[in-house]
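What follows is each chain in one-letter form.
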Amino acid sequence: MKGLKFIVTGILFGIIMAKSEAISWYRIQEMFRFQSFHMFGIIGTAVVLGILAVYSIKKFKIRDFNGNAIVFHDKDKSWPRYIIGGSIFGLGWALTGACPGPMFVNIGYGYWAMIIVVLGSLVGTYLYGLIKDKLPH
Amino acid sequence: MLELIRQPWSWYLSGTAIAGIMILLLYFGKSFGFSSNLKTICTIAGAGKKVKFFDFDWKTQKWNLLFLMGSVLGGVLASTVFKSDQPLQLSKATVQDLRSIGITFDGGLNPSDIFGPDFALSAKGFMILLTGGLFVGFGARYAGGCTSGHAISGLSNLQLPSLLAVVGFFAGGLLMTYLLLPLIFKI
């Protein structure tokens, strides 16, 4: 089954997010209050290793498992959407303690109330699609 | 072995493992970005008929939905087979700060003061969680990605826009933490 590897990768992701406590509302508060290195260490390590990995993939032209070139897409160059959109995201992240991935891991973990957060995030996504042409990007 | 996985993971192991997920998805020819799933779910629910933004072939994102389902299962495993019996080691300063805005540290991952049924199913609690989610969903699409797409994938590819998005994440997060949370939970 072709999709199995994505389910397995998702399972690994869920375990990692839970065991690292990155899905914890408390840890996100601790991060925004700069009272522990934990979350900064996690993101920092991931980014440093990520930079090395992406650099190596480009430098050595490493291909994916199908033999196709791994392509990276540059994000659109502008600033309003990243600053404004990012800030709105941040408001929600600090309030619910969860970004999209952790919301779902939390539901699996048994925090049923996160279903409400997911519903809200779907409404928010729909709302964006509805009014995106009126927003500065 | 099981004991090793059960205990809370260090930041360097956790960060390495997250980079591993990103690399694994690249190797599978995909790119790590979780919030795209929210758009895909809207499309499956029929949003594409009314709004052009959602009018795309969602089957191209099937892999990401499978990844999402896996992440829920991963959460189930983490709370059962791999569950740690130690309380979360939250910084004392955070425990105190949270107490001052009326949120008790209970040793779990998330406070029952917010995610317990009493609060979450109250009119106020429900609205807070729904609105918080709305900000996350709206903001992620507006910014073109969330923590995985921008902070991990984007920064790894040295994208300046992703750095701007992360600055935004923190601007909003700090505003919520220091100004709004005390107002929201003290009323």
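Along each chain, numbering runs from 1 in the same order as the chain's sequence is written. Chain letters and ligand numbers both follow the written order, the letters beginning at A and the numbers at 1. Reporting of local features is limited, given that this is a predicted model, to residues whose pLDDT is at least 70; pairs of side-chain atoms are given and counted only at 80 or more, and all residues count toward the totals for whole chains, interfaces and linings.

J.: Just checking my understanding: could you explain the overall build of chain B for this structure?
T.: A tally of regular secondary structure across chain B gives 10 helices and zero strands. Element order for chain B, N to C, with α for helix and β for strand: α-α-α-α-α-α-α-α-α-α. For the C-alpha atoms alone, the extent of chain B along its principal axes is close to 45 × 45 × 35 Å. Residue burial is a threshold on neighbouring C-beta atoms within 10 Å of the residue's own C-beta, all placed from the backbone, with 20 or more meaning buried, 12 or fewer meaning exposed, and counts in between meaning partly exposed. The burial tally for chain B puts 48% of its 187 residues in the buried class. Residues are scored as being in contact if the C-beta atoms we place from backbone atoms lie within 7 Å. For chain B, long-range pairs separated by at least 24 residues make up 49% of all intrachain contacts whose partners lie at least 6 apart in sequence. Going along the chain from the N terminus, every DSSP run of H or I of four or more residues is numbered as a helix, and every run of E of two or more is numbered as a strand.

J.: Please explain the overall build of chain A as it appears in this structure.
T.: Helix and strand content of chain A: six helices and zero strands. For chain A, the succession of helices and strands along the chain, N to C, is α-α-α-α-α-α. Overall, the C-alpha framework of chain A stretches about 45 × 40 × 40 Å when taken along its three principal axes. Per-residue burial for chain A yields a buried fraction of 57% across its 137 residues. Taking the intrachain contacts of chain A between residues at least 6 apart in sequence as the baseline, contacts between residues at least 24 apart amount to 44%.

J.: Explanation requested: the interface of chain A and chain B in the structure shown.
T.: Listed as interface residues are 100 residues of chain A and, on the opposing side, 107 residues of chain B. If you list the elements that add at least two residues to the side of chain A that touches chain B, you get α1 (4–19), α2 (25–32), α3 (38–59), α4 (80–96), α5 (100–109) and α6 (114–131) of chain A. With 16 residues, α4(A) is the largest single contributor of residues to the side of chain A that touches chain B.

J.: Help me understand the nonpolar core, please; the structure alone is not making it clear to me.
T.: When a protein is soluble and globular, its nonpolar side chains tend to lie buried together. Note on terminology: a nonpolar core is a set of buried residues of type Ala, Val, Leu, Ile, Met, Phe, Trp, Tyr or Cys, with members joined through C-beta atoms within 7 Å. In this structure, Phe89(A), Ile18(B) and Met22(B) are the most contacted members of the largest nonpolar core, which totals 93 residues. Setting aside residues no more than four positions away along its own chain, Met22(B) makes contact with Gly50(A), Phe32(B), Ile152(B), Ser153(B) and Ser156(B).

J.: Help me understand the packing of α2(A) against α3(A) in this model?
T.: Each pair of packed helices gets described by two things: the angle between the helix axes and the distance between those axes. Residue and element names in this part refer to chain A. With axes taken as lines fitted to C-alpha atoms, and helix axes fitted only over the stretch in contact, angles between N-to-C directions fall between 0 and 180 degrees. Following both chains from N to C, one finds α2 and α3 inclined at 90°, their axes separated by 8 Å at the closest point. In terms of axis orientation, α2 runs roughly perpendicular to α3. Here α2 contributes Arg27, Glu30 and Met31 to the contact with α3, which in turn contributes His38, Met39 and Phe40. Only Asp, Glu, Lys and Arg are considered charged in this grouping, and only Ala, Val, Leu, Ile, Met, Phe, Trp, Tyr, Cys and Pro are considered nonpolar; every other residue, Gly among them, is considered polar. In the contact of α2 with α3, the residues fall into three nonpolar, one polar and two charged. Here is the rule for angles: anything less than 35 degrees is roughly parallel, anything more than 145 is roughly antiparallel, 65 through 115 is roughly perpendicular, and the remaining ranges are oblique.

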